[in-house]
Amino acid sequence: MKRRRQKKQIAGMLAALLLLFCGCGPAAERSENRTIGFLASEFSNEFMIAMQQSFLDRAEELGLEVKMEICNQNPEIQMNQVYDLIAQGVDALAIRPTDSASASALLEAANQSNIPVFLYDTRAEEGSAVSLITTDNYSVGSMAGEAVGRLLREKKKGLPARIAVVTGISELSSHADRLQGFLDALSASYPEVEVVSALPARYAEDALNLVLDWLSLYGKELDGIYAVSDYLTTPVLEGIRFMGYTSSVESPEGLVVVGTDGNPDTIAAIRAGELSGTVSQNAMKIGAQTADILYQYLIGKEPVERVYYIPSLLITPDNVDSEEVKAFGLWADEYQEKYAGGVSH
């Protein structure tokens, strides 16, 4: 609990620093005086911090002035922030919506004012954005499903296996798409793997409580757990340890646990052999490329694609420090070096 409080304090400090520095900097010439409204949903974990800070860093390099708003995952606040930025006359909006449904209203408001919108990380159910910069989350879930199925087939020698899934926030398209990809991969190739429970968790404490309940109910009959986001994977591991079980990849009794995102804590757990794997997105590339594409459209007057998918890769104890992963790029290590003063080796 102490560590979680420390993380929240660190995230809060980083958010405060971002408020101080965004849109500021040396008296570098701004790109044709273009002002971007940047809507961040939250700064509650390293993925969000890395993604959103990378946008700000790259925007400053490009000479774009940024007005940033943080809504702390409240869709009503985010809607008001969009209206405020429209009233301020920004030239474009870069938005990470709180959820896919509410994003449609954000797009409608901006479209009515002829302000181009660039969505990052989370898509909208309806509406017109210039571009979406994200990960192919269905593919991410499918990769996780293949990993869990393969590992359990090896561990159980093809015998039936039982798993549970922390499904995250159902309103987020990224979480919903990963869940569907995961379930489809299992049903297509690993029919011996049964999902005995799939329940939502908005916060880390929710995921921890799910694990405590599952292990109390199923005990050693539970063979694995998948979490759709790594801010939920860390409490999954904590819950397993608390209940006296293990997720060690070396132990015959170890639960197979796979996550998604590639956060610093989960990469450290993989290196320690306490996590079977995570499908790593690249938070920093999502943020930086959003700024690049926005600049290309506004300043370069060049055509841009409707959707940009940032590649993802399954990270495991076998490949975490391989040349393949080094070439792919671990955003967790880059984040530690750039923002947290060290790498989680």
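Located above this text is the structure these notes cover.
Conventions we followed
Residues numbered from 1 in each chain as written. Predicted model: local features only at pLDDT ≥ 70, side-chain atom pairs only at ≥ 80, totals over all residues. Heavy atoms only, no water. Buried < 20%, exposed > 50% of the residue type's maximum accessible area, 1.4 Å probe, protein only. Helix = DSSP H or I, 4+ residues; strand = E, 2+ residues; numbered from the N terminus. Pairing = 2+ DSSP bridges. 1 Å grid on protein atoms, 1.4 Å probe; cavity = no way out; pocket = protein on both sides within 12 Å on 5 of 7 lines; lining within 4 Å. Points joined across faces, edges and corners; volume = space filled by probe spheres on them. Nonpolar A, V, L, I, M, F, W, Y, C, P; charged D, E, K, R; others polar. Contact = heavy atoms within 4.5 Å. Polar contact = N/O pair within 3.5 Å; in protein donor to acceptor, adjacent residues only side chain to side chain. Axes fitted to C-alpha atoms, helices over the stretch in contact; angles between N-to-C directions.

> Is there a simple way to think about the pairing of strand 10 (residues 277–280) in this case?
Put simply, side chains in a regular strand alternate between the two faces of the sheet. Burial along strand 10 is two-sided: Gly-277 and Val-279 and Thr-278 and Ser-280, pointing in opposite directions, are all buried. Pairing of strand 9 (residues 256–261) with strand 10 involves four bridges; the strand directions are parallel. By the bridge assignment for strand 10, Thr-260 is matched with Val-279. Bridge analysis of strand 10 against strand 12 (residues 313–315) gives three bridges, and the strand direction is antiparallel. Bridged to Thr-278 within strand 12 is Ile-315.

> Looking at this model, I keep getting lost on the layout of surface pockets. Mind explaining?
The method is simple in principle: a probe with the dimensions of a water molecule rolls over the atoms, and the space it marks as empty is what remains. In this model, the second largest pocket occupies a volume close to 330 Å³. Top element by residues in the lining of the second largest pocket is helix 5 (residues 137–156). It accounts for four residues. A breakdown of the residues in the lining of the second largest pocket according to their chemical character gives five nonpolar, five polar and five charged.

> Explain empty space enclosed by the protein to me, please; I cannot follow it from the model alone.
Enumeration according to the criterion identifies one cavity of 30 Å³ or more in this entry. When its volume is computed, the largest cavity comes out at roughly 130 Å³. Every element with two or more residues in the lining of the largest cavity is listed here: helix 2 (46–61) and helix 6 (173–189). Among the elements that line the lining of the largest cavity, the one with the most residues is helix 6, at three residues. A breakdown of the residues in the lining of the largest cavity according to their chemical character gives five nonpolar, five polar and five charged.

> Explanation requested: the environment of Thr-278 in the structure shown.
Among the structural elements, Thr-278 can be located in strand 10. According to the relative accessible area criterion, Thr-278 is buried, its value standing at 0%. Aside from chain neighbours lying at most four places away, what touches Thr-278 is Asp-230, Gly-259, Thr-260, Asp-261, Gly-262, Thr-266, Ile-267, Ile-270, Leu-313, Leu-314 and Ile-315. Of the polar contacts made by the side chain of Thr-278, one reaches the backbone nitrogen of Thr-260; its length is 3.2 Å.

> Explanation requested: the sheet that holds strand 10 in the structure shown.
In sheet architecture, strand pairing relies on hydrogen bonds along the backbone and comes in two forms, parallel and antiparallel. Spatially, six strands are ordered 7-6-8-9-10-12 in an open sheet, and the strand pairing comes out mixed. Looking at which strands have only one partner, the edges of the open sheet turn out to be strand 7 (193–200) and strand 12. Strand-to-strand twist across the sheet, computed as the mean angle between neighbouring axes with direction ignored, equals 20°. Along the sheet face, helix 5 touches strand 6 (161–168), strand 7, strand 8 (224–227), strand 9, strand 10 and strand 12 and points at about 165° away from the line of strand 9. Relative to strand 6, helix 7 (residues 204–218) is tilted by about 160°, and along the sheet it contacts strand 6, strand 7 and strand 8.

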